[in-house]
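The chain contents come next:
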Amino acid sequence: MKISVIGCGYLGAVHAATLASMGHTVVGIDTDADKAARLARATAPFFEPGLEELLADGRATGRLAFSTDMALAADCDVHFLCVGTPQAKTSGVADLGYLEAAARSVGRHAKPGAAVVGKSTVPVGTVHRVREWLGREDLGLAWNPEFLRQGTAVKDSLVPDRLVYGVADDDGGAAAARTLDTVYAPLLQAGVPRIVCGFATAELIKSAANAYLATKLSYINAMSELCDAAGADVTQLSAAMGLDPRIGQRYLAAGLGFGGGCLPKDIRSFRAQAQDLGVDSVDAWMGLVDAVNEGQRGRVAARAADLCGGDVAGRRVAVLGAAFKPDTDDIRDSPALDVAVRLAAAGAHVVVTDPKAINNAWLRFPQLEFEPSPAAALDGAELVLLLTEWPQFRAIDPAEAACRVRRAVMLDARNVLDARAWRDAGWELHGLGTGDALPARAR
């Protein structure tokens, strides 16, 4: 099929490359000329493992192109809307401005009978607004939510857990479902589960899934605070809980909390939807999940001050991590940078290192110092904080690191280091919820 992908960020670029790898002819459209040009050269404008190889394959076969010109998509059979839906600047609701612009552009250029398929995460009721923005009745419409995770987006696209089609309950909806079956034929043949539902259900699925995952993360982080108060170990607690098949181990790792461009804004949008619909229990629940997650950042900053005798002013602090999670260069709502900025505001000399995210971070945070080399970041440090669990940081030799710092004190805010190895190398190692929290007066 001939397919267009409107919006070529984390979602769109990966989706376009994946569709081309399935044998479709794909054109990615983005308003950012530099981004489109880089993608056309098979150079990803952001770090995502495996993406550049997929882009290169699409370019070599001639099945994948990128442009800013929507007219190049005019003869496509299917148009995927993959633009961002960020949190509005003044509230928790989703900003649908980019989606509206994309839908109106498709409405002006699409050929009669083409299908328009939304993939962006949106509030319930958005599909009806998209129909209005398209301004046409001769276009099929479906909602096909994405479930990509940054760092594993290529794998999640090539081998997804499930496919969800939101369609109307009429002949047009049946036709849209058949079109999506054709698009995803290789995945369906491989046995990927397929769920066909109404528009409202499809709109809610991604936000509902993210709200549940955020709940698990905030729950175990609340337990980590309880473990510190009780002298218990949250890593052992979560391991025991995870063996219960009703609970499972995934998303039960206590630590600094979640960030990025999806989970935080999705739970706030979910909360805003609950408010609009008058579902007070969901509103209150999501508010608590968000508050626990945000509270972890202040808790880590306070622990850092405790480990410096109650005040970080004038102390050199090395921060390992700038990205919101490993295997990405995305710094949106990064818990690591949030803590780093708090410490800098308290007077610390903060040096941040990260394998991929430094270039994105240094222009936005001039109050921080950045070092591409972890060794250079450690030099002379009086406190080290591991805030993003990159494999490169987990592989640091604790004995070599101890020779570089002024004080061998580490706060592992992700609970991923080998505590025995670091302590044997002379480090004072602390985690979150591992029972080693002490008030400042005890130091």
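Rules of the game
- Residues numbered from 1 in each chain as written.
- Predicted model: local features only at pLDDT ≥ 70, side-chain atom pairs only at ≥ 80, totals over all residues.
- Heavy atoms only, no water.
- Buried < 20%, exposed > 50% of the residue type's maximum accessible area, 1.4 Å probe, protein only.
- Helix = DSSP H or I, 4+ residues; strand = E, 2+ residues; numbered from the N terminus.
- Pairing = 2+ DSSP bridges.
- Contact = heavy atoms within 4.5 Å.
- Axes fitted to C-alpha atoms, helices over the stretch in contact; angles between N-to-C directions.
- Parallel < 35°, antiparallel > 145°, perpendicular 65-115°, else oblique.
- Left-handed = near helix turned anticlockwise from the far one by under 90°.
- Polar contact = N/O pair within 3.5 Å; in protein donor to acceptor, adjacent residues only side chain to side chain.
- Core = buried A, V, L, I, M, F, W, Y, C linked by side-chain atoms within 4.5 Å.
- pLDDT = per-residue confidence, 0-100.
- Salt bridge = Lys/Arg side-chain N within 4 Å of Asp/Glu carboxyl O.
- Arc of directions from axis to C-beta.
- Phe/Tyr/Trp six-rings, centres within 6.5 Å; stacked < 30°, edge-to-face > 60°.
- Lys NZ or Arg CZ within 6 Å of the ring centre and 35° of its normal.

Asker: Quick rundown of the pairing of strand β12 (residues 383-386)? Include the residues and the values.
Answerer: Alternating residues of β12 divide into L383 and L385 and V384 and L386, and every residue in both groups is buried. Of the strand pairs in this sheet, strand β9 (residues 316-320) and β12 are connected by 4 bridges, and their pairing is parallel. Directly across from V319, in β12, lies its bridge partner L385. Where β12 and strand β13 (residues 409-412) come together, 3 bridges link them in parallel fashion.

Asker: Break down the sheet that holds strand β10 (residues 349-353) for me, citing the residues and quoting the values.
Answerer: A sheet is described by the order of its strands in space; here 6 strands give the open sequence β11-β10-β9-β12-β13-β14, paired in parallel fashion. Two strands close off the open sheet at either side, each with one partner strand: β11 (369-370) and β14 (428-431). In terms of strand pairing, β9 meets β10 through 5 bridges, oriented parallel. Counterpart to V319 in the pairing with β10 is V352. Across the sheet, helix α12 (residues 280-307) lies against β12, β13 and β14, angled at about 165° from β13, the strand it touches most. Contacting β9, β10, β11 and β12, helix α13 (residues 335-345) crosses the sheet at an angle of about 160° to β10.

Asker: Quick rundown of the packing of α12 against α13? Include the residues and the values.
Answerer: Close contact between α12 and α13 brings their axes to 9 Å; oriented N to C, the two are set at 45°. In terms of their interaxial angle, α12 and α13 are classed as oblique. The way α12 lies across α13 gives a crossing that is right-handed. Across the interface between the two elements, E294, R297, G298, V300, A301 and A304 from α12 touch P335, D338, V339, R342 and L343 from α13.

Asker: Mind laying out unusual backbone geometry, listing which residues take part and the relevant values?
Answerer: Positioned with a positive phi, Y251 is a non-glycine residue whose angle comes to about 65°. Here Y251 lies in the loop between α10 (234-242) and α11 (263-277). If you check the backbone angles, D333 has positive phi at about 50° while not being a glycine. Residue placement: D333 occurs in the loop between β9 and α13.

Asker: Can you lay out the side chain of N415 for me, pointing to particular residues and giving the numbers?
Answerer: Its location among the elements puts N415 in the loop between β13 and α18 (419-424). A polar contact of 2.8 Å, which involves the side chain of N415, links it to the backbone oxygen of L432. With near-sequence residues (within four places) excluded, N415 lies in contact with V234, T235, A254, G431, L432 and T434.

Asker: Help me get a handle on the nonpolar core, residues and values and all.
Answerer: By size, the foremost hydrophobic cluster in this structure holds 51 residues, and its most contacted members are L343 and L385. Counting residues per element, the ones that place at least two in this core are α12, β9, α13, β10, α14 (358-362), β12 and β13. Looking at this core element by element, the count peaks at 6 residues for α13. Look past the residues within four positions of L343 in its chain and what remains in contact with it is A301, A304, V312, V317, A348, V350 and L385. Counting residues in hydrophobic clusters, the runner-up holds 41 residues, among them I3, A20, V26 and L148.

Asker: Explain the confidence of the model for the protein chain residue by residue, including any values.
Answerer: The share of residues in the protein chain with pLDDT of 70 or more is 98%, and the mean pLDDT across the chain is 95. Under a pLDDT of 50 for its full length, residues 439-443 has, in the predicted model, 9 contacts with residues more than four places off or in other chains.

Asker: Could you give an account of the pattern of salt bridges, with specific residues and numbers?
Answerer: Throughout the structure, instances matching the rule amount to 24 salt bridges. Put simply, D244 and R246 hold a salt bridge, and the shortest N to O gap is 2.7 Å. D338 is the salt-bridge partner of R342, the closest N and O atoms lying 2.5 Å from each other. With R342 and D338 both in helix α13 and 4 residues apart, this pair spans about one turn of that helix. Each of R268, D290, E294, R297, D333, D338 and R342 takes part in salt bridges that share partners, so that together they form one network.

Asker: Quick rundown of helix α3 (residues 51-61)? Include the residues and the values.
Answerer: Listed as buried for α3 are L51, L54, L55 and G58. The arc enclosing the buried residues of α3, seen along the axis, measures out at 100°, which places them on a common side. Those residues of α3 that are exposed and aimed more than 90 degrees away from the buried face are E53 and A60. Positioned one or two residues after α3, G62 has a phi angle of 80°, which is positive.

Asker: Kindly report on the packing of aromatic side chains, identifying the contributing residues and their values.
Answerer: Going through the model one piece at a time under the given rule, you end up with 4 aromatic pairs. Ring centres of Y165 and Y184 lie 6.5 Å apart, and the angle between their planes is 20°; this geometry places the pair in the stacked category. Within this pair, whereas Y165 is found in strand β7 (residues 163-166), its partner Y184 is found in the loop between α7 (171-183) and α8 (185-189), the two being separated by 19 residues in sequence. Here the two residues Y165 and Y184 agree in accessibility, since each one is buried. These aromatic residues form a ring-pair network of at least three members: F80, Y165 and Y184. Positioned above the aromatic ring of F147 is the side chain of R162, whose terminal nitrogen or guanidinium carbon lies 3.6 Å from the ring centre. For the cation-ring pair, K356 lies above F47, with the distance from its terminal atom to the ring centre recorded as 4.5 Å.

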